Amino acid sequence: DKPEDLKPRSPVVTVLGHVDHGKTTLLDSIRNTKVTTGEAGGITQHIGAYQVRANENKITFIDTPGHAAFTAMRARGAQVTDIAILVVAADDGVMPQTVEAINHVKAAGVPIIVAVNKIDRPTANVDKIKQEMANYNLVPEEWGGDTVFAEVSALKGEGIDNLLEMIVLVSEMQELKANPNALASGTVIESKLDKGRGPVATVLIRRGTLHVGDSIASGTAYGKVRAMINDKGKNIKKAKPSTPVEILGLSEAPQAGESFRVMENDKTARNLAQQKLNKDKNELMQNNSAVSLDDLFKSIQEGEIKDLNIIVKADVQGSCEAIKHSLEKLSDEKVNVKVIHTGVGAVNENDVMLASASSAIIIGFNVRPDTSAQKTAKKDGVDLRLYRIIYDAIEDVKKAMQGLLE
Ligand code: GDP
Ligand code: MG
């Protein structure tokens, strides 16, 4: 883009912090106080991100709190966040996940605003929080540092306006810009398979303007944008940079963190998706032998395997992340449990091919394999297991590692 093509765009904000420090409450509070007033209907539906107005400015919030989402996106090369809000409860303090969040955000090079939350609590101690944060090089401005602190009560809606103002201030220093007059591209924030509507993806536009009727490719998914729904649940025809929208019309649900691109036409979009599919397949060509949970213990004993590769398919992205996290924690000195792929939706033939090529097993959570996947799994001897309870899946893998699987 030429400098003259670039126009200011709103900041995209992610909320991180330790569990129970108030991330969800803060996101709800911002959404409710800022959006329900004045805008018809308010935000009626959760689409994974929402936009609010702060004076003349708009701010986009990613509606999935926590660094799991933040890092999952970054792992796929998607840096969507311009500013990170680090929530710390004033009656608690810096906790392990606070530190993790600080590290993730610093690694991403994203500016941090500290939201000291729960200031309504009698035991709130803002100075103690500032002191603790200073130990991690987040030094408040009034102490000579350059970190912005905002005191809030997410529950009571106090300090929200000030926090939003701080976000605008920090974003103004970043001079965020994008070219709105280009074929749109951006990032998938989340996606799901909707019974009635088919694959539904919430995307955040980074560059260009997305229109209904555009042909897009995202990973191995492609299609024409059939409809676009904004965070107020309204159907819209076009969307500019930093706008989150839900789109319908894709061939499958793309992964969160996957990028998307508008192509000249249907054919080029399909070709790009096909290329990605072929690339995935080629990567699978270094074929290995099938692994199964039933003889995992033996394979470990005999030194045949060091990595237990797993593919996780689930009905929602949140379950994928949760299962992945729990499975990888099972790693010990003998075997490294590695979730090599996660995805939302039915287990399909691609999953089975990936499993087959990477000696992986497949865990399906609240999803079923489609017919061709079932056939291929049988033919290739891929161990495909379906669960309705996360605990059962984790227990099975744990037992298999110890040779205790019945
Ligand atoms: P998350 O795990 O970080 O998403 O935290 P939640 O938003 O779920 O909040 C955890 C608990 O803290 C809930 O019971 C909230 O009602 C409570 N909480 C969140 N913000 C505040 C606040 O500003 N003041 C008080 N007193 N409680 C809060
Ligand atoms: Mg929460």
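The model shown is predicted, which means the values in this text are computed figures rather than measured ones.

What to know about the site of ligand 1
Piece 1. Around ligand 1, the structure places 15 residues, and the nearest of them are Asp20, Lys23, Thr24, Thr25 and Asp120.
Piece 2. His21 is positioned such that a nitrogen or oxygen atom in its backbone is 3.4 Å from an oxygen atom of ligand 1.
Piece 3. Taking 580 Å² as the accessible area of ligand 1 by itself, protein coverage stands at 76%.
Piece 4. Residues belonging to the shell around ligand 1 are distributed by class as follows: 3 nonpolar, 7 polar and 5 charged.

Looking at the pattern of salt bridges
Piece 1. Counted under the stated rule, the structure contains 21 salt bridges.
Piece 2. For the salt bridge of Lys130 with Glu151, the shortest nitrogen-to-oxygen distance reads 3.7 Å. Within this pair, whereas Lys130 is found in helix α4 (residues 126-134), its partner Glu151 is found in strand β7 (residues 148-151), the two being separated by 21 residues in sequence.
Piece 3. Assessed through its relative accessible area of 7%, Lys130 is described here as buried.
Piece 4. Across the pair Lys313 and Asp351 runs a salt bridge whose closest N-O atoms are separated by 2.7 Å.

Concerning the side chain of Thr187
Piece 1. Mapped onto the elements of the fold, Thr187 is located in strand β9 (residues 185-194).
Piece 2. If sequence neighbours within four positions are ignored, Thr187 has contacts with Met73, Ala78, Val80, Thr202, Val203, Leu204, Arg206, Gly257, Glu258, Ser259 and Phe260.

Regarding the confidence of the model for the protein
Piece 1. Confidence in the prediction for the protein averages 89 pLDDT; 93% of positions are at 70 or higher.
Piece 2. Here residues 36-44 is modelled with pLDDT under 50, and outside its nearest four sequence neighbours on either side it reaches 13 contacts, counting other chains as well.

Examining unusual backbone geometry
Piece 1. With a phi angle near 70 degrees, Asp20 is a residue other than glycine that sits in the positive phi range.
Piece 2. Of note in the backbone geometry, Asn366 takes a positive phi value of approximately 55 degrees without being a glycine.
Piece 3. Within the secondary structure, Asn366 is located in the loop between β20 (360-365) and α10 (371-380).

Things to note about the environment of Thr371
Piece 1. Position of Thr371 among the secondary structure elements: in helix α10.
Piece 2. Exposure remark for Thr371: the relative accessible area of 55% places this residue in the exposed category.
Piece 3. Distance in space between the C-alpha atoms of Thr371 and Val203 is 30 Å, their sequence separation being 168 residues.

Brief notes about the sheet that holds β20
Piece 1. Spatially, the 4 strands line up as an open sheet ordered β19-β18-β20-β21, and their pairing is parallel. Both outer strands of the open sheet, β19 (336-344) and β21 (384-387), are each paired with one neighbouring strand and no more. When strand polarity is set aside, the average angle formed by the axes of neighbouring strands in this sheet is 25 degrees.
Piece 2. Relative to β21, β20 is paired through 4 bridges, and the arrangement is parallel. Within β21, the residue paired with Ile363 across the bridge is Arg385.
Piece 3. Helix-sheet contacts for helix α11 (residues 390-402) involve β18 (307-314), β19, β20 and β21, and the interaxial angle to β21 is about 140 degrees.

Conventions and cut-offs
- What you see as residue numbers is a count from 1 along each chain, following the sequence as written.
- Here every chain gets a letter starting at A, and every ligand a number starting at 1, in the order they are written.
- Per-residue local features are limited, in this predicted model, to residues with pLDDT of at least 70; the limit for side-chain atom pairs, both in listing and counting, is 80 or more; totals at the level of whole chains, interfaces and linings are taken over all residues.
- Excluded from the side-chain calculations are hydrogens and water; all other atoms, namely the structure's heavy atoms, are used.
- For each residue, the test is whether any non-hydrogen atom lies within 4 Å of the molecule or strand; if one does, the residue is near.
- Think of a polar contact as two N or O atoms within 3.5 Å of one another; within protein, one of them needs to be a possible hydrogen donor and the other a possible acceptor, and neighboring residues in sequence only count if both atoms come from side chains.
- Here, Shrake-Rupley sampling with a 1.4 Å probe gives the accessible areas, and only protein chains in the shown set may cover a residue.
- Here the nonpolar group is Ala, Val, Leu, Ile, Met, Phe, Trp, Tyr, Cys and Pro; Asp, Glu, Lys and Arg are the charged ones; every other residue, Gly included, is treated as polar.
- Salt bridge, as used here, is a side-chain nitrogen of Lys or Arg placed within 4 Å of a carboxyl oxygen of Asp or Glu.
- Only DSSP runs of H or I covering at least 4 residues are called helices, and only runs of E covering at least 2 are called strands; the numbering of each starts at the N terminus.
- Using a 1.4 Å probe on the protein chains alone, a residue whose accessible area is under 20% of its type maximum counts as buried, one over 50% counts as exposed, and one in between counts as partly exposed.
- Residues count as neighbours in contact if any of their non-hydrogen atoms are within 4.5 Å of one another.
- For every residue, the predictor reports its confidence as pLDDT, a number between 0 and 100.
- Here, strands pair whenever DSSP counts at least two bridges between them.
- To define axes, lines are fitted to C-alpha atoms, for helices over the stretch in contact only, and angles between the resulting N-to-C directions are given on a 0 to 180 degree scale.

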